[in-house]
Amino acid sequence: MHQFKVYTRWRPSESTAPETRRTHNKQDSGRISTSLTPSSPSATERPWKSEAAFTQVFEATDNNRSVFEAAVSPTLPHVLSGRSCNFFAYGHSGSGKSHTIIGYDFENPDEFGLCLAAARHLSEALTDLNQDIDTPGEELALGIRMFELRKNIAFDLLNGRCQCFVREGHDGKTHIRGETEILDEGKVRVRPIVTKACWSFEDLRQELLTGLKLRATGTSTVHDQSSRTHAVLELEIVTRALLEARDAVVQRQSELVPVGKRATDIYIEETMKGVIQNADGKYVPNPDYQTDQARIDAAEAKKAEFESYVQQAEKKVSDILQSSGQSCLGGKLVFVDLAGSEYYHDKTTSTVARPKQTPQEQQEGRQINTDLLALKEVIRARASKQTRIPFRSSPLTMVLRDHFLGTNTTDSCSAMILTVSPSSEQFAATLNTLKYGNLVGVAGGEKKRVARQTIKQQ
């Protein structure tokens, strides 16, 4: 049964302002409801109570290790079984999203972000598994991909922040591809997001640090180093053979481009020669030229031949995943550090001067809000088993489509960690975050509730 869990994490108070009063109550369902009361209730700040939407609440005294052990560690056996699990950090800027997902202390294991802590545990598991593997090409490694998303553009943080584009292919899948490379003999290559294979935890840590240096930041209403993009970090269990097979697909696709273009050019050329324009301006068959259908058929046959090479390369990737003696191959953990959500007019009591947003920053804020709304609707649609899931509503949900669909297997899990501030100065931002999490948690828990009722009836 696929589950979507929602956790709340309170950060330490960052100001001398009074703290918002809050209580958490565990319901019969096992989930938690939260009550929020402003320190000084007013017309704009009123008490609020959530539904039983939250799986667990982490207080300011809980460190990153505590969050990891409760939220991420139980999912690692699923990843080591070849499944996919997703984790999102949601909250206003400065509330601790990046601290939770990525962390700022890369030496102290207790303060590793969730992705680094998970990588350490998976690396240890893969080291044990590799002791029984003699073939170098089948040695297990942890592949890391890291990119940030702004509108429909992705920036590959492990490839010099190379600009990539989010596109939906003819196969219905979403692809993130970089700039087009023109090669010899008319070949055209468009590479996907780079996967860095790491055979040790230290190698992965260094790759992560390299990528973080290229992540963009900017000002927001509460934070002068706010992440203005969604950062997506993927950990996948891979082998050299799998990565080489994927590279072969890209190579076969580049070889297909000039052949396909030639087939198209020949078809257009022959078609144009086969018609002429009469005195009335209409196109009619050309009596002086017979379309060379054999030439068109030969070009199409050549195109079909190279298409078969692409299909064979894709099949090899599939065969490696399915026939591997290691069931963990292809298992993924996806961490998404969502951009700060607090793009409202700041009506808090803070006396700290905030920089006025530029039109570009305001536009970024609108796109962020669009992405976050789309994400909520996708979660809700999947929970209610709608036939149409609105993945196309935003580039963010398009990118996450395959990850969501990859968690339809038994006992897989997706989770959202809400990061919130207890400061009364941030009451509005905290309330908005908890309301969002309440909607997501109620939707994500619907499948579990229905399943429980079904079991009772049986």
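Residues numbered from 1 in each chain as written. Predicted model: local features only at pLDDT ≥ 70, side-chain atom pairs only at ≥ 80, totals over all residues. Heavy atoms only, no water.

**So, the overall build of the chain**
Heads up, the condition is: A run of H or I in DSSP becomes a helix once it reaches four residues, and a run of E becomes a strand once it reaches two; helices and strands are each numbered from the N terminus. Burial classification: accessible surface area is computed with a 1.4 Å probe over protein chains only, and a residue below 20% of its type maximum counts as buried, one above 50% as exposed, and the rest as partly exposed. Residues are treated as being in contact if the distance between any of their heavy atoms lies within 4.5 Å.
When its secondary structure is counted, the chain shows eleven helices and 19 strands. Burial status across the chain gives 46% buried among its 458 residues. Of the contacts made within the chain by residues no fewer than 6 positions apart, 70% connect residues no fewer than 24 positions apart.

**A look at the environment of Ala-299**
On the secondary structure map, Ala-299 appears in helix α7 (residues 293-323). Along the sequence, Ala-299 and Ala-263 sit 36 residues apart, while their C-alpha atoms lie 4.8 Å from each other. Ala-299 has contacts with Ala-263 and Ile-266, leaving out every residue within four places of it along the chain.

**Focus on the sheet that holds strand β4 (residues 48-49)**
Which entries qualify depends on this criterion: The criterion for strand pairing is that DSSP finds at least two bridges linking the strands in question.
Read from one edge to the other, the open sheet built from three strands follows the order β2-β3-β4, with strand pairing classed as antiparallel. In this open sheet, the two strands that pair with only one neighbour each are β2 (21-26) and β4. Sheet topology note: the β2/strand β3 (residues 32-37) ladder contains six bridges and is antiparallel. Across the sheet, residue Thr-23 finds its bridge partner in β3, namely Ser-35.

**Re helix α6 (residues 240-273)**
To be explicit about the condition: In this scheme, a helix's expected span is set at 1.5 Å multiplied by one less than its residue total. Values of bend correspond, residue by residue, to the angle between axes fitted over the seven residues ending at that residue and the seven starting there.
Taking 1.5 Å of rise per residue, the 34 residues of α6 would be expected to cover 50 Å, and the 50 Å separating its terminal C-alpha atoms lies within 8% of that figure. The largest bend in α6 comes to about 25°, at Val-257, with the proline Pro-258 one to four residues further on.

**Comments concerning the environment of Val-72**
One can find Val-72 in helix α1 (residues 64-72). In this structure Val-72 comes out as buried when scored by relative accessible area, which is 0%. Separated by 341 residues in sequence, Val-72 and Cys-413 have C-alpha atoms that sit 9.6 Å apart. Discounting residues that sit within four places of it in the chain, Val-72 has contacts with Val-67, Phe-87, Leu-114, Ala-118 and Phe-335.

**Looking at the packing of aromatic side chains**
The following threshold applies: The pairing test for Phe, Tyr and Trp rings, Trp by its six-membered ring, is centres within 6.5 Å, and the orientation test on the planes gives stacked under 30 degrees, edge-to-face over 60, and tilted for anything in between.
The tally for this structure, following the rule as stated, stands at eight aromatic pairs. Plain terms: the ring middles of Phe-306 and Tyr-309 are 5.3 Å apart, the flat faces sit at 65° to each other, and that makes the pair edge-to-face. Residue Phe-306 and its partner Tyr-309 are both found in helix α7; the two are separated by three residues, about one turn of the helix. What makes Phe-306 buried here is its relative accessible area of 16%. On the basis of an interplanar angle of 40° and a centroid distance of 6.4 Å, the ring pair of Phe-391 and Phe-404 is categorised as tilted.

**Section: the state of the cysteines**
Note the cut-off: Count a disulfide wherever a pair of cysteine sulfur atoms falls within 2.5 Å.
On inspection of all chains with the given rule, the structure shows zero disulfides. Cysteine Cys-162 shares no disulfide, and the gap to the nearest cysteine sulfur, in Cys-164, comes to 4.3 Å. Given a relative accessible area of 21%, Cys-162 falls into the partly exposed group.

**Considerations on the UniProt feature "binding site: ATP" (unreviewed entry) in the chain**
Keep this limit in mind: UniProt positions are given in the numbering used here, feature names are shortened, and annotations may be inferred rather than shown by experiment.
The positions UniProt marks with the feature "binding site: ATP" (unreviewed entry) are Gly-91, His-92, Ser-93, Gly-94, Ser-95, Gly-96, Lys-97 and Ser-98. Within the secondary structure, Gly-91 is located in the loop between β6 (84-90) and α3 (97-101). The buried category is assigned to Gly-91, whose relative accessible area is 0%.

**Structural notes on the pattern of salt bridges**
Convention followed: Think of a salt bridge as a Lys or Arg side-chain nitrogen and an Asp or Glu carboxyl oxygen that are within 4 Å of each other.
Evaluated as defined, the whole model comprises 23 salt bridges. Notably, a salt bridge pairs Arg-22 with Glu-59, separated by 3.3 Å at the nearest N-O pair. Here Glu-59 lies in the loop between β5 (56-58) and α1 and Arg-22 lies in strand β2, a separation of 37 residues in the sequence. Salt bridges linked by common partners bring Arg-145, Glu-234, Glu-236 and Arg-246 together as one network.

**Notes on unusual backbone geometry**
Even without glycine at this site, Arg-161 takes up a positive phi of about 60°. Within the element layout of this structure, Arg-161 appears in the loop between β8 (153-156) and β9 (162-168).

**Regarding helix α9 (residues 395-405)**
Taking burial as the measure, the eleven residues of α9 include eight buried ones, the bulk of the element. The set of residues buried in α9 consists of Pro-395, Leu-396, Thr-397, Met-398, Val-399, Leu-400, His-403 and Phe-404.

**Let's talk about the nonpolar core**
We apply this condition: The nonpolar core is taken to be a set of buried Ala, Val, Leu, Ile, Met, Phe, Trp, Tyr and Cys residues, with the residues joined through side-chain atoms within 4.5 Å.
Formed by 52 residues in total, the largest nonpolar core has its most connected members in Val-72, Leu-333 and Phe-335. Looking at this core, the element that brings in the most residues is helix α4 (residues 114-130), giving eight residues. Apart from the residues within four sequence positions on either side, Leu-333 is in contact with Thr-75, Leu-76, Val-79, Cys-85, Phe-87, Ala-118, Leu-122, Leu-233, Glu-234 and Leu-235.

**Considering the side chain of Glu-45**
Convention followed: For the charge count, each Lys or Arg is scored as positive and each Asp or Glu as negative, with His and the chain ends excluded.
Its location among the elements puts Glu-45 in the loop between β3 and β4. Summary of buried charges: Glu-45 has no salt-bridge partner, and the nearest side chain of opposite charge, Arg-21, is 10 Å away. Not counting chain neighbours up to four residues away, the residues in contact with Glu-45 comprise Pro-38, Ser-40, Ser-424 and Phe-427.

**Structural notes on the pairing of strand β10 (residues 174-182)**
Pairing between β9 and β10: four bridges, direction antiparallel. If you follow Arg-167 over to β10, its bridge partner there is His-175. Between β9 and β10, which pair antiparallel in sequence order, lie five residues; one of them, Gly-172, sits at a positive phi of approximately 85°. Pairing of β10 with strand β11 (residues 188-192) involves four bridges; the strand directions are antiparallel. Bridging from a neighbouring strand, Thr-180 pairs with Val-190 of β11. Connecting β10 to the next strand, β11, in antiparallel fashion are five residues, including Glu-185 with a positive phi near 60°.

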